[in-house]
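Residue strings, one per chain:
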Amino acid sequence: MLSKLAGLFMHDLPDFIFPRACIVCGRTLHRDEDEVCSTCVASLPFTIPDDDKDSIAELRLAGKFDFERAAFLLEYAPATPVQKIVESFKYHGNERLAIAMGRIMAVRMERKHFFDSIDFIIPVPLHREKQKERGYNQSEDIAKGISSVTGLPVRTDIMERVHNDGSQTARSAFDRADAALGAFRKTAAGELQGKHCLLVDDVLTTGATLTGCAAALSGSGLKISVLTLTGVV
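This one's a predicted model, so the numbers in the text were calculated from it and none came from an experiment.

*Asks:* Would you mind showing me how to read the pattern of salt bridges here?
*Replies:* Pairing is possible between side chains of opposite charge, provided their charged atoms come close. In the structure shown here, the tally under the stated rule is nine salt bridges. The salt bridge partner of aspartate 34 is arginine 103, with a shortest N-O separation of 2.3 Å. Placement of the pair is aspartate 34 in the loop between helix H1 (2-17) and helix H2 (38-43) and arginine 103 in helix H5 (residues 95-110), with a sequence separation of 69 residues. According to the relative accessible area criterion, arginine 103 is partly exposed, its value standing at 29%. Where salt bridges share partners, they join Asp34, Glu35, Arg96 and Arg103 into one cluster.

What follows is the structure, encoded as structure tokens:
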């Protein structure tokens, strides 16, 4: 009994000395909460569709490339908690938050059997210079969170980004699509026929980046599904 109490004390000691705070509201997190408190998670704008409806992501990507299914978890809008979450892990080094959001994605989407038949996860890659500068790839961290729940392996050896085109936020939809085509290259061969991958990214806007990824993977016999953390409605 004493050893069990001691173990609980040691487990909680870091939170006692350095209390963790919710990235959205600033409230002190409980032991079983990770980066975002349960109250803020419950209030996030989830977009998971009913079983008989196409998702917003599927409608957004329709006609751009062939895919099995597609979805994004949260509606993205400026000056909202979702923007705060994305900016924290994308620009301020909060990798733990990206992994935590990946776990939330996985738990929510497993209820919809979204991962059925998927063999592995491919996070949308950053150009090596940008990843070196940032120190991490936020899409890969999200994929790690999904993997920790589903057990699906994360594959970073199948595709790479060969063009470093900077931020896409100020570009028109046409310019984004033009920049993304040819920006990615398949680096694995001979092992993809008949496999089903899950492309994972942080934000879905025009679909240009995912279309560029699909173009790089075309001709490999690989089936593609798409899941992003957020999307612009």
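*Asks:* Would you mind going over the side chain of arginine 20 with me for this structure?
*Replies:* Structurally, arginine 20 is set in the loop between H1 and H2. By relative accessible area, arginine 20 is classed as buried at 15%. In terms of polar contacts, arginine 20 uses its side chain to reach the backbone carbonyl oxygen of glutamate 33, at 2.9 Å.

*Asks:* Explain the packing of aromatic side chains to me, please; I cannot follow it from the model alone.
*Replies:* Each aromatic ring pair is specified by the distance between its two centres and by the angle formed by the two planes. A full pass over the atoms with the stated rule returns two aromatic pairs. Judged by centre distance (5.7 Å) and plane angle (65 degrees), the ring pair of phenylalanine 65 and phenylalanine 67 falls under edge-to-face. Looking at phenylalanine 65, the relative accessible area reads 13%, which means it is buried. Aromatic side chains phenylalanine 114 and phenylalanine 115 sit 5.9 Å apart centroid to centroid with 85 degrees between the ring planes, which places their arrangement in the edge-to-face category. The class for phenylalanine 115 is buried, based on a relative accessible area of 9%. When the ring centre of phenylalanine 120 is taken as origin, the NZ or CZ atom of arginine 155, which lies over that ring, is 5.2 Å away.

*Asks:* Explanation requested: helix H9 (residues 208-217) in the structure shown.
*Replies:* Since the α-helix turns once every 3.6 residues, residues separated by three or four places project in the same direction. With eight of ten residues buried, H9 is to be regarded as a mostly interior element. All of the buried residues in H9 are Ala208, Leu210, Thr211, Gly212, Cys213, Ala214, Ala216 and Leu217. Backbone geometry just downstream of H9 places glycine 219 in the positive-phi region, at approximately 85 degrees.

*Asks:* How do you make sense of the layout of surface pockets when you look at a structure like this?
*Replies:* Size it by volume and the second largest pocket reaches roughly 250 Å³. What lines the second largest pocket is a set of 13 residues, among which Asp32, Asp34, Val41, Ala100 and Ile104 lie closest to the centre. Mapped by element, the contributors of at least two residues to the lining of the second largest pocket are H2 and H5.

*Asks:* In this structure, what is going on with the sheet that holds strand E6 (residues 223-232)? I would like to understand it.
*Replies:* Paired through their backbone hydrogen bonds, the strands of a sheet run either parallel or antiparallel. If you trace the four strands from one edge of the open sheet to the other, you get E1-E6-E5-E2, paired in parallel fashion. Edge positions in the sheet fall to strand E1 (70-76) and strand E2 (120-123), since each has one partner strand and no second. Averaged over all adjacent pairs, the angle separating strand axes in this sheet is 20 degrees, with direction ignored. Bridge count for E2 against strand E5 (residues 196-204) is four bridges, and the pairing is parallel. Along E5, the bridge assignment pairs phenylalanine 120 with cysteine 197. Where helix H4 (residues 81-91) meets the sheet, it contacts E1, E5 and E6, and its direction lies at approximately 105 degrees from that of E1.

*Asks:* Which parts of the structure should I look at to understand the nonpolar core?
*Replies:* Where a protein is soluble and globular, its nonpolar side chains tend to be buried together. The biggest cluster of nonpolar side chains holds 35 residues, and the ones touching the most others in it are Val36, Met101, Phe115, Ile146 and Leu227. Mapped by element, the contributors of at least two residues to this core are H2, E1, H4, H5, helix H7 (138-150), E5 and E6. Ranked by the residues each element gives to this core, the list is headed by H5, at seven residues. By size, the runner-up hydrophobic cluster in this structure holds 25 residues, among which are Phe72, Met159, Leu192 and Leu199.

Rules of the game
- Residues numbered from 1 in each chain as written.
- Predicted model: local features only at pLDDT ≥ 70, side-chain atom pairs only at ≥ 80, totals over all residues.
- Heavy atoms only, no water.
- Salt bridge = Lys/Arg side-chain N within 4 Å of Asp/Glu carboxyl O.
- Helix = DSSP H or I, 4+ residues; strand = E, 2+ residues; numbered from the N terminus.
- Buried < 20%, exposed > 50% of the residue type's maximum accessible area, 1.4 Å probe, protein only.
- Polar contact = N/O pair within 3.5 Å; in protein donor to acceptor, adjacent residues only side chain to side chain.
- Phe/Tyr/Trp six-rings, centres within 6.5 Å; stacked < 30°, edge-to-face > 60°.
- Lys NZ or Arg CZ within 6 Å of the ring centre and 35° of its normal.
- 1 Å grid on protein atoms, 1.4 Å probe; cavity = no way out; pocket = protein on both sides within 12 Å on 5 of 7 lines; lining within 4 Å.
- Points joined across faces, edges and corners; volume = space filled by probe spheres on them.
- Pairing = 2+ DSSP bridges.
- Axes fitted to C-alpha atoms, helices over the stretch in contact; angles between N-to-C directions.
- Contact = heavy atoms within 4.5 Å.
- Core = buried A, V, L, I, M, F, W, Y, C linked by side-chain atoms within 4.5 Å.

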